[in-house]
Structures are given as C-alpha cells and as structure tokens.
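Structure assessment
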Amino acid sequence: MSGLCAGIQLQRELQLTTYTIFELESDVGGTWLSNTYPGCQSDAPVHIYSYSFAPNYEFSKKFVPQSEIQAYLRATAKTYNIYDKIQFQTRISSMRWHEGRNKWILHWIKSTTGEEGYHDFDVVIHAAGVLRLPNIPKEFDAFEGKKWHSARWDHSIDLTGKRVGVVGTCASGIQIVPAIADKVQSLEVYGRSASYITPQLNVTYNKAWRFLFQYAPLFYTIYRAFWYYYIDSTILLYHKLAWFSVFHRAIVYFVTWFHRFRQFPLDPEMRRKLTPNYELASRRVVLSDDFYPVLKRPNVSLHQDEIVSIKGNTIETSDGSTCELDVLILATGFDWISNFPEGYWIGRSDIDITKSWGGSPVTYYGTCVPHAPNFFLIWGPNSGVAHHTLTSIAEIQVMYTIRSLSYMMEQNIATMEVKQEAAQEFLKYADQRLERTMYTTKVLPKFTDGMGKCRGFWWGGVTEFWWCMRKVHPERFHVSKRDGVLKKPYLNGSVERFKED
Ligand SMILES: Cc1cc2nc3c(=O)[nH]c(=O)nc-3n(C[C@H](O)[C@H](O)[C@H](O)COP(=O)(O)OP(=O)(O)OC[C@H]3O[C@@H](n4cnc5c(N)ncnc54)[C@H](O)[C@@H]3O)c2cc1C
C-alpha cells in the first residue's frame, strides 16, 4: 500500500518514471495479499483507508473484506501502470550508502531463481511495512498438530469438523473466531487479556449510495472528509489527563461495557473474562459485532488462563484444563523490530544504522534518519497511529518525500541528510508528548524499544502529523550541492506548492 502510494505520487507529482519498486511477493497488496484468513477485513472506514487520489465508488460496505481491498490495490496499480515498475519476487537483502558516488547500493535476490545483483539509486523510499513478519512465540513450536499464523493461512486444510484452537483475541483473533466457529467441531479461544471492543455497525453501500459516490463528487468529498476528521478527533481518547479525553474515555468505556452486558446479561463470569485488565486506549480499541455472540455457541470456549504447557497436540492452561486440538491458529501479532536486522542498512561512514540505534530508533518524524542521506521511511518509528488509517500517514510521508525531492532538484542538491540534533530534538519532544498519552500507560512490548520508550506511535492526530510535515526545513538537514551543470527540476505543481509554503 505505501510502496504503491510512493510510486504513483512520484509519477503524478514529479512526472518521474525512472524508479523501480522491489517486491518480495508475486503481487501487490502487502498486508492484504498475505492476510487471507477467514473474516479478514479493514477496521477503518474504507473510504479513508483508500488513497485520497484514487477513489473507489464501488466498495460494498463501510468496513470491507480483505478481497475488496486487495482488488482495489490491484486495480489502482493497473490504472497507474505501476505493475511495469515492480520487480516481483525480488528481495532487497541490504542497502549501503556509497560515499564517493552519493548513491545507495541495493543488493537484490530473486526468490524464484536465486539470481542476485546490485542496483544503485540516488534516493531510496523504504516502504517495507511493519505488520509483516509473524510473531510466533517459541512455546508454540512444541505443538505437533497443524499450526499456522493468521498472516500465513493454510488454505489447503479444511477446518470442517476439526478441533481448533485460536490464540489471540486482538484485531485478527476476533475476526477469525466468528468466521470459522460454525464449521469446526470445537473452538478453543486463548487470550490472556481481553480487548476493548465496541460495536462495528457496518453499513452496506447499496446502489443509491454508490450512485451518489460516483455522480455527486461534492457528496463523496464531504462524506470522506467527515470520516477523516471524525476518526481523527478520536485521538482525544488517547490523551491521559485532559478533561475532554477523560470524558471521551468514559463514554467509550460505557459503550464497551454495555456491548458485553447486552450479550451476557446473566453471566457475570463471562463478562469478567471479557473485561480487559489494562486501561482503555493504552492499546487499540477494536470493533466487532459478532465476536461476543459467537462465544455463546456450545462448541466455543474462551480460556483466559495462561498456557502453561504444550505437549503433542494438547494445550494445558494454568487453571488445569487441557484441550486436545487438531489445528492451532496463532493470531499472535507481528514482529516489527526484525524489519531492520543488523547489516541490512549501512549508511554514511559505514554506520550500521540499526546497530547505531542500540535498540532505540532515532528518526525525524519517522521519515528521515541521521546517517542515511536521501532516504525516506514510510511508517517508520513514531509514525504509527492507533486511531486512524495507515494510508493517511503514508500519504503524508510520501508528500514530504516528494517535497524534499522537489527541493533537491530545484536547488541542485546531491544529498540531504537529517542532522542528528534535529532527530534528537524530535525524539525529546516525542517523549514529552507521548508521556501525556495513554500509549505510555501500558505500552505493548512491540511498540516500545529496548529502553522502554514508545517508538511505535505518533502522539497526535493525523492532521497534526500533516501540519508538522507540510514543510521541508532545509536547515535541519546536512545538504551537499551537486557539482556541475544545474539539473533542471521536474517542474510541476509540487514545486510551486512547496514555494508557497
Ligand atoms: C490483518 C490486518 C488488518 C489491518 N487493518 C488495517 C486497517 O483497517 N487500517 C489501517 O490503517 N491499518 C490496518 N492494518 C495495518 C496495515 O499493515 C497497513 O494499513 C498497511 O497495509 C501497510 O502497508 P505497507 O505498504 O506500509 O506495508 P505492507 O502492506 O506490509 O507492505 C510492505 C511490502 O514490502 C515488501 N517487502 C518487505 N521487505 C522487503 C524486502 N526486503 N525486499 C522486497 N520487498 C519487501 C512486502 O512483501 C510487502 O509487500 C492492518 C494490518 C493487518 C495485518
């Protein structure tokens, strides 16, 4: 999704076609190509989860299944001729800055043939995703039956009549459980800590809606803007002390409580099990209409006690109960730290950037990184959001990249590298602001760094992120001019707009 956005905007905004996208899979889609589990769907209104510059009037619902998002991404890539720009099944195994040539040297490997080689580029946009590498806790290695991670669904196995376990009751787990409950013999749901769940209240877009989206552009614009800013205002939920945030949280807390109560009015034990043991908004609040009802089925059991042992096909929990399973499904999240292994990313002066971070990422707005000239991260550390969509963040980071490139071309600049002080200043400010959010109340380990600092999230709304990123500040960068003849910029609207800013 982010890589496509970057490719399309390079073409649209800079008329730049001399770029290559490397993709290790055989198609576009990323998250939406690999997550094909039953029930997989967006948990944000799809009109704000799709690109602002590529509207789709045909979405069937407000929250759509994976297949529709994947079809949308494929169609958008085709519309903008991006397929021709992608080298599929090609993995980038390392990136190294070449000091003398002012270029990034990328080492690629074809996964089909093992063929490998090097390509050099003036600029790298790194859009390799965050929720990509499955996090599989070691303890599940001992399970001898069939098992797989939610992001690598094994469609060759029919679950009909099988005894199935699902580990995890966060975003993916609560989508999988209702989708498979009616076909399996028994379903054991393991979740150490429940999630705050509000009703999803999905809306089906019938012909009339779709007609309006397509033929009443003003209606579509207002509709999208409404969801964009309304959802952005829910960032208030994540602020610790402000009165409006406490009020907002109290309302959402009541909604989640009532959602549980409505399903289990006479079952206080079940309501207790489904009550999260952490503060509201210190993790994402998730949406589901069918997770609670499915737990009432006779073939579904919820286990909240910790898994203490796995022997053969049997799982034992700390309350002493044991269950024998045919299939174990791990909805156990993703490992974002391993996205940047040591040796993968070597910047200026041969600095291994991951190593130099010492477990605590140093970036400037999650987009630029000291020692990495001409390098832009999409969805880097401290640029994730829990309340809005990743598409919005990616579009803003891509816009920032485009403006930086416009500036470089206009000013005949060879390299732009964010200063260490600028990044440290950003982090200092980030820590102060994050301290005031619920993310630092009980931060998920995957969003903290080695020093317990929250390095996953941006602290504010998407609108604030846009505000901070709307201008490039050259004084915050080490800049070196290109020798020789002035290279004409690819003049178009972007350069003009940048000047106006
Ligand atoms: C089940 C699920 C549901 C989600 N729902 C939502 C939602 O509703 N709203 C929301 O905002 N977010 C959601 N997310 C988060 C989602 O990951 C992002 O919204 C978005 O799809 C990320 O897009 P991306 O392009 O940045 O990353 P990815 O989709 O992860 O794409 C990265 C791409 O880079 C490729 N790649 C990685 N490393 C290399 C390499 N070394 N060489 C070559 N290619 C490489 C990968 O193959 C992949 O195609 C969801 C995530 C999951 C897992």
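Per an unreviewed UniProt entry, the recorded name for the chain is Flavin-binding monooxygenase, and the organism is Entomortierella chlamydospora. We quote the UniProt Sequence similarities (unreviewed entry) comment for the chain here in full: "Belongs to the FAD-binding monooxygenase family."

1. As for the environment of G343
Mapping G343 onto the fold places it in the loop between β16 (327-330) and β17 (345-346). Residues G343 and S309 lie 34 residues apart in sequence; the distance between their C-alpha atoms is 36 Å. Those residues within four positions of G343 in sequence are excluded, and the remaining contacts are S94 and D352.

2. Observations regarding the sheet that holds strand β5 (residues 116-121)
A sheet is described by the order of its strands in space; here four strands give the open sequence β5-β4-β3-β17, paired in mixed fashion. At either end of the open sheet lies a strand with only one pairing partner, and these are β5 and β17. Alignment of strand β3 (residues 90-98) against strand β4 (residues 103-110), held across eight bridges, turns out to be antiparallel. Bridged to R96 within β4 is I105.

3. A word on the sheet that holds strand β14 (residues 314-317)
Working definition: the strands of a sheet are paired by backbone hydrogen bonds and lie parallel or antiparallel to each other. Pairing is antiparallel across the open sheet formed by three strands, whose spatial order is β13-β14-β15. If you trace the sheet from one side to the other, it starts and ends with β13 (307-311) and β15 (322-324), each paired once. The sheet shows a mean angle of 20° between the axes of neighbouring strands, taken without regard to direction. Across four bridges, the pairing between β13 and β14 is antiparallel. Residue pairing across strands places I310 opposite I315, the latter belonging to β14.

4. Topic: the site of the ligand
In the vicinity of the ligand there are 28 residues, among which S2, G30, A128, G129 and L390 approach most closely. Those elements that place two or more of their residues in the shell around the ligand are α1 (2-14), β3 and α12 (390-411). Classifying every residue of the shell around the ligand by side-chain character gives 14 nonpolar, nine polar and five charged.

5. Considerations on helix α13 (residues 420-435)
Between its first and last C-alpha atoms α13 spans 22 Å; for 16 residues at 1.5 Å apiece the expected length is 22 Å, and the two agree. Taken together, the buried positions of α13 are occupied by A423, F426, L427, A430 and L434. Buried residues of α13 fall within an arc of 100° about the axis and therefore sit on the same side. In α13, the exposed positions that point more than 90 degrees away from the buried face belong to E421, K428, Y429 and Q432. Those residues of α13 that are buried are in contact with β19 (413-418).

6. Let's talk about the nonpolar core
The biggest cluster of nonpolar side chains holds 109 residues, and the ones touching the most others in it are V166, V177, L187 and I378. When residues of this core are assigned to their parent elements, the largest contribution, eleven residues, is made by α12. In this structure, this core is formed jointly by two domains, domain 1 (2-130 + 339-498) and domain 2 (134-195 + 283-333), each of which donates at least three residues. Look past the residues within four positions of V166 in its chain and what remains in contact with it is G173, I176, V177, L187, V189, Y190, I329 and A331.

7. Some points on the domain arrangement of the chain
Structurally, the chain comprises domain 1 (2-130 + 339-498) and domain 2 (134-195 + 283-333). Averaged C-alpha coordinates put domain 1 and domain 2 at centres separated by 33 Å. Contacts between the two partners involve twelve residues from domain 1 and, on the opposite side, 16 residues from domain 2. Along the lines of polarity and charge, the residues of the side of domain 1 that touches domain 2 split into five nonpolar, five polar and two charged.

8. Digging into the packing of α1 against α12
At a minimum axis separation of 10 Å, α1 and α12 run at an interaxial angle of 40°. One finds that α1 runs oblique with respect to α12. With respect to the hand of their crossing, α1 and α12 are arranged in right-handed fashion. On α12, the residues that touch S2, C5, A6, Q9, E13 and L14 of α1 are A394, E395, V398, T401, I402, L405 and S406. Broken down by class, the residue content of the contact of α1 with α12 amounts to seven nonpolar, four polar and two charged.

9. Comments concerning the pairing of β14
Taken together, β13 and the strand that follows it, β14, pair antiparallel across an intervening segment of two residues, in which G312 is found at a positive phi of about 60°. Looking at chain direction, β14 and β15 are connected through three bridges and run antiparallel. Following the sheet pairing, E316 is matched in β15 by T322. Linkage of β14 to β15, two consecutive antiparallel strands, is achieved through a turn of four residues, within which G320 is found at a positive phi near 95°.

Rules used in this analysis
Residues numbered from 1 in each chain as written. Predicted model: local features only at pLDDT ≥ 70, side-chain atom pairs only at ≥ 80, totals over all residues. UniProt positions renumbered as here; feature names shortened; annotations may be inferred. Helix = DSSP H or I, 4+ residues; strand = E, 2+ residues; numbered from the N terminus. Contact = placed C-beta atoms within 7 Å. Pairing = 2+ DSSP bridges. Axes fitted to C-alpha atoms, helices over the stretch in contact; angles between N-to-C directions. Near = placed C-beta within 6 Å. Nonpolar A, V, L, I, M, F, W, Y, C, P; charged D, E, K, R; others polar. Expected span 1.5 Å × (residues − 1). Buried ≥ 20, exposed ≤ 12 C-beta atoms within 10 Å, placed from the backbone. Arc of directions from axis to C-beta. Core = buried A, V, L, I, M, F, W, Y, C linked by C-beta atoms within 7 Å. Domains from an automatic or database assignment. Parallel < 35°, antiparallel > 145°, perpendicular 65-115°, else oblique. Left-handed = near helix turned anticlockwise from the far one by under 90°.

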